[in-house]
Amino acid sequence: VPTSTTSAATPASSVTLSTEDMKKLTGLYRSPAATIRRVTLQDGKLGVDSIVGPRRELAPLAADRFRILGLDPPAHATFSAAQGKMQMSLERPGQPAENFVAVETASPTAAQIAEFAGTYYSEELDATYRFAVENEKLTVRQKGQQPRALTPTTRDGFIGPGGGTFEFQRDAQGRVSGFLVQAGRIRGVAFARR
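Everything numeric in this text was worked out from a predicted model, so none of it was measured.

Trainee: Let's hear about the overall build of the protein chain: which residues, and what values?
Mentor: Regarding its fold elements, the protein chain presents two helices and 17 strands. Overall size of the protein chain, expressed as C-alpha extent along the three principal axes, is 55 × 30 × 30 Å. For the protein chain, the residues scored as buried account for 37% of the 194 residues in total. Within the protein chain, contacts between residues separated by at least 24 positions form 37% of all contacts whose residues are at least 6 apart in sequence. With the model as given, the accessible surface of the protein chain reaches about 10,800 Å², and the carbon-plus-sulfur share is 48%. Measuring between centres, the 24 positive side-chain charges of the protein chain sit 3 Å from its 19 negative side-chain charges.

If you want it as structure tokens, here you go:
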């Protein structure tokens, strides 16, 4: 969800949703491009964030459609259920909708986090990333940079402090063999474990 310093006025809403109805919409959502959004319920109000970005309140316009407050021009979130999974579409004027599917939020153990530690290389970028476990968190470091702690999202996914995502891949034996990174202009670049 894009950030904006422009504060949009809160629309008057005659729609009231029950806590149970709102809870059904909460959770972690992932797009085909591996973008992660989180929908949470706080103080009786729904909100959406990118885990590392600001939380934006969702004002109900209908049971399944919300205005994302604090954005100008206005943006909307629409929810639907398909094949037993909740889906979310984020819409902004003049831009194609971003579609997301609910995914299970991961809470890996220290042993599971250790599976990702190691050195990975991308021929395309001629770049090396080193992952390590520090204070029970997975960290990533590039040459000349300080390590950055990552937040787990899905079973093999993590998000960095700047919003970049790391989607680890496994070989036929289930061992971590590499990852795809999405960060800024970098989209789906593969790194192989060395």
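Next comes the rest of the write-up.
Trainee: Quick rundown of the packing of aromatic side chains? Include the residues and the values.
Mentor: Within this structure, the stated rule accounts for 18 aromatic pairs. When the centroid spacing of 6.5 Å and the interplanar angle of 50 degrees are considered together, the rings of Tyr 129 and Phe 131 count as tilted. For the pair formed by Tyr 129 and Phe 131, the shared burial category is buried. What links up through ring pairs into an aromatic cluster is the set Phe 116, Tyr 120, Tyr 129, Phe 131, Phe 158, Phe 166, Phe 168, Phe 179 and Phe 191. Across from the ring centre of Tyr 121, 4.2 Å away, lies the NZ or CZ of Arg 194, which sits over that ring.

Trainee: Lay out the pairing of strand β15 (residues 165-170) in plain terms, naming residues and giving numbers.
Mentor: Inspection of the sheet shows strand β14 (residues 157-159) paired to β15 by three bridges, in the antiparallel sense. Its bridge partner being in β15, Phe 158 is matched across the sheet by Phe 166. Count of turn residues in the β14/β15 antiparallel hairpin: five residues, of which Gly 163 carries a positive phi of about 100 degrees. Of the pairings in the sheet, the one linking β15 to strand β16 (residues 176-183) comprises six bridges and is antiparallel in character. By the bridge assignment, Glu 167 is partnered in β16 with Leu 180.

Trainee: Which residues make up the layout of surface pockets, and what values go with them?
Mentor: Of the pockets and cavities examined, the largest pocket occupies roughly 300 Å³. Contributing to the lining of the largest pocket are 17 residues, with Thr 35, Arg 37, Gly 163, Gly 164 and Arg 187 lying nearest its centre. Looking at the lining of the largest pocket, the elements that each hand over two or more residues are β2 (36-42) and β16.

Trainee: Tell me what's going on with the sheet that holds β2, and back it up with residues and numbers.
Mentor: The eight strands are arranged β1-β2-β3-β4-β5-β6-β7-β8 in a closed barrel whose pairing can be described as antiparallel. Strand-to-strand, the axes of this sheet are offset by a mean angle of 30 degrees, without reference to chain direction. Here strand β7 (residues 85-91) runs beside strand β8 (residues 98-103); their pairing, made up of four bridges, is antiparallel. Residue pairing in the sheet places Met 88 in a bridge with Phe 100 of β8.

Trainee: Kindly report on the pattern of salt bridges, identifying the contributing residues and their values.
Mentor: Once the charged atoms of two side chains with opposite charge are near each other, the side chains can pair. Throughout the structure, instances matching the rule amount to nine salt bridges. Here Glu 98 and Arg 92 are joined by a salt bridge, their closest N and O atoms 2.9 Å apart. For Arg 92, a relative accessible area of 14% translates into the label buried. Close ionic contact of Glu 115 with Arg 170 constitutes a salt bridge, the shortest N to O distance being 2.9 Å. Of the two residues, Glu 115 is situated in the loop between α2 (110-114) and β9 (118-122) and Arg 170 in strand β15; the sequence distance between them amounts to 55 residues.

Conventions and cut-offs
Residues numbered from 1 in each chain as written. Predicted model: local features only at pLDDT ≥ 70, side-chain atom pairs only at ≥ 80, totals over all residues. Heavy atoms only, no water. Helix = DSSP H or I, 4+ residues; strand = E, 2+ residues; numbered from the N terminus. Buried < 20%, exposed > 50% of the residue type's maximum accessible area, 1.4 Å probe, protein only. Contact = heavy atoms within 4.5 Å. Areas by Shrake-Rupley, 256 points an atom, 1.4 Å probe, with all protein chains shown as cover. Lys, Arg positive; Asp, Glu negative; His and termini not counted. Charge placed at Lys NZ, Arg CZ, Asp CG, Glu CD. Phe/Tyr/Trp six-rings, centres within 6.5 Å; stacked < 30°, edge-to-face > 60°. Lys NZ or Arg CZ within 6 Å of the ring centre and 35° of its normal. Pairing = 2+ DSSP bridges. 1 Å grid on protein atoms, 1.4 Å probe; cavity = no way out; pocket = protein on both sides within 12 Å on 5 of 7 lines; lining within 4 Å. Points joined across faces, edges and corners; volume = space filled by probe spheres on them. Axes fitted to C-alpha atoms, helices over the stretch in contact; angles between N-to-C directions. Salt bridge = Lys/Arg side-chain N within 4 Å of Asp/Glu carboxyl O.

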